[in-house]
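Breakdown of the fold
Take a look at the letters that make up each chain.
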Amino acid sequence: MEQNGTRTLRVESRQYEADGVVALWLTDSEGHDLPAWSPGAHIELDLGSGILRQYSLCGPVSDRKRWRICVLREENGRGGSLRVCDDLKAGDHIAVRGPRNNFELKPTGRYIFIAGGIGITPILPMIEQAEAEGTPWTLTYGGRSLVSMAEAAQLQDRYLDKVVLWPQDEKGLLDLQGIIRTAGDDALLYGCGPEPMLKALESATQAAGVDPVRVRTERFAPKAIEETARDDAFEVEFAKSGITLNVGPNASIMEVARSAGVPVLFSCAEGTCGTCETPVIFGKVCHRDSVLTQEEQDGNESLMICVSRAAGQRLVLDL
């Protein structure tokens, strides 16, 4: 049953995919087809007690009856993965919102996929699509050890030399510079994994002179803001609501909007999920999110109201 964009799904089955990784298959409680999605999409699980978490869909795109997610159990995380891995079992029901895609697979002449650990999840359906379309691709897949890398053996058995497995306990850190040297000018690079890997990837592509437009990454945690971002108070006009408010140094646009009764959608509140993306009508944005590419941020057409601020004195938003 769907209500306000949220549907109740049933855990059809669960299984261990690797050391610390649990896979769940979710189905509609009433047997209806699930919404269509594309590689790179994620869904949001309402895990109770105010815990909302986003997980990439990693099953077959063509399967409209079931959604598959894989979750890494993080003992020292924020509690969401423990709830999924320890508590959810077959037959349980859970509220789900989505799918949403901030990591779309764009057409190109060749794909270079780079995954670290659980970052393999959004890459799996991308590989399926590239293979189906006949687009050349390679995957370099790193992890702490082979036993911690979900679907590692299946990927190599199926795709042979297109897949390079890189367990850190055997080979050390990923050779990102070597990967980039073989990328070619027509390739798009897609990377997903822990923050240190993504920072190293971005540094390596920048040093190699790779056009940032050709590098796409997805983060599971917000990236560090390296520049001193503007924290001054500013004015924001919510054009649809006809309300103008002041956003103080210690408040977010989202918090101010909610306090004034302006309807907003949000989830992670840390600039990683893209739920609160809002069109900009006027004003320059100081972007702090981990969703938009540099090109999209420079375009200044939208912002994540949970973390981003005005780079000037005033913003007008389509809310």
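Everything quoted here is computed from the prediction, not taken from an experiment. (Residues numbered from 1 in each chain as written. Predicted model: local features only at pLDDT ≥ 70, side-chain atom pairs only at ≥ 80, totals over all residues. Heavy atoms only, no water.)

**Considering the packing of helix α2 (residues 120-133) against helix α3 (residues 152-159)**
In helix packing, the relevant descriptors are the interaxial angle and the interaxial distance, both defined with respect to the helix axes. It is at 13 Å that the axes of α2 and α3 come closest, and there the two elements cross at 15°. With respect to α3, the element α2 is oriented roughly parallel. Every pair of crossing elements has a handedness; the one defined by α2 and α3 is left-handed. Residues I120, L124, I127, E128 and E131 of α2 touch α3, and the partners they reach there are L155, R158 and Y159. (Axes fitted to C-alpha atoms, helices over the stretch in contact; angles between N-to-C directions. Helix = DSSP H or I, 4+ residues; strand = E, 2+ residues; numbered from the N terminus. Parallel < 35°, antiparallel > 145°, perpendicular 65-115°, else oblique. Left-handed = near helix turned anticlockwise from the far one by under 90°. Contact = heavy atoms within 4.5 Å.)

**Section: the pairing of strand β5 (residues 52-56)**
Direction of pairing for strand β4 (residues 41-46) relative to β5: antiparallel, over a ladder of 5 bridges. Note on β5: the bridge partner recorded for E44 is Q54. (Pairing = 2+ DSSP bridges.)

**A look at the pattern of salt bridges**
Summed over all chains, the structure comprises 19 salt bridges. Close ionic contact of E17 with R68 constitutes a salt bridge, the shortest N to O distance being 3.3 Å. Taken as a pair, E17 in strand β2 (residues 6-18) and R68 in strand β6 (residues 66-72) lie far apart in primary sequence, 51 residues in all. By the burial criterion, E17 is buried, and R68 matches it. Of the charged contacts in the structure, one is a salt bridge between E44 and R97, with a shortest N-O distance of 3.0 Å. Pair noted here: E44 is in strand β4 and R97 is in strand β7 (residues 93-101), with a separation of 53 residues, a long-range link. On the basis of relative accessibility, which here comes to 7%, the residue E44 falls in the buried class. Residue classification places R97 among the partly exposed positions, given a relative accessible area of 23%. By sharing partners, the salt bridges in this structure join E12, D63 and R66 into a single network. (Salt bridge = Lys/Arg side-chain N within 4 Å of Asp/Glu carboxyl O. Buried < 20%, exposed > 50% of the residue type's maximum accessible area, 1.4 Å probe, protein only.)

**Here we look at the pairing of strand β14 (residues 243-247)**
Examined bridge by bridge, strand β13 (residues 234-238) and β14 share 5 bridges and lie antiparallel to one another. Bridging from a neighbouring strand, F234 pairs with V247 of β14. Between the antiparallel neighbours β13 and β14 lie 4 residues, among them G242 with a positive phi of about 70°.

All we've got here are geometric facts, nothing functional implied.
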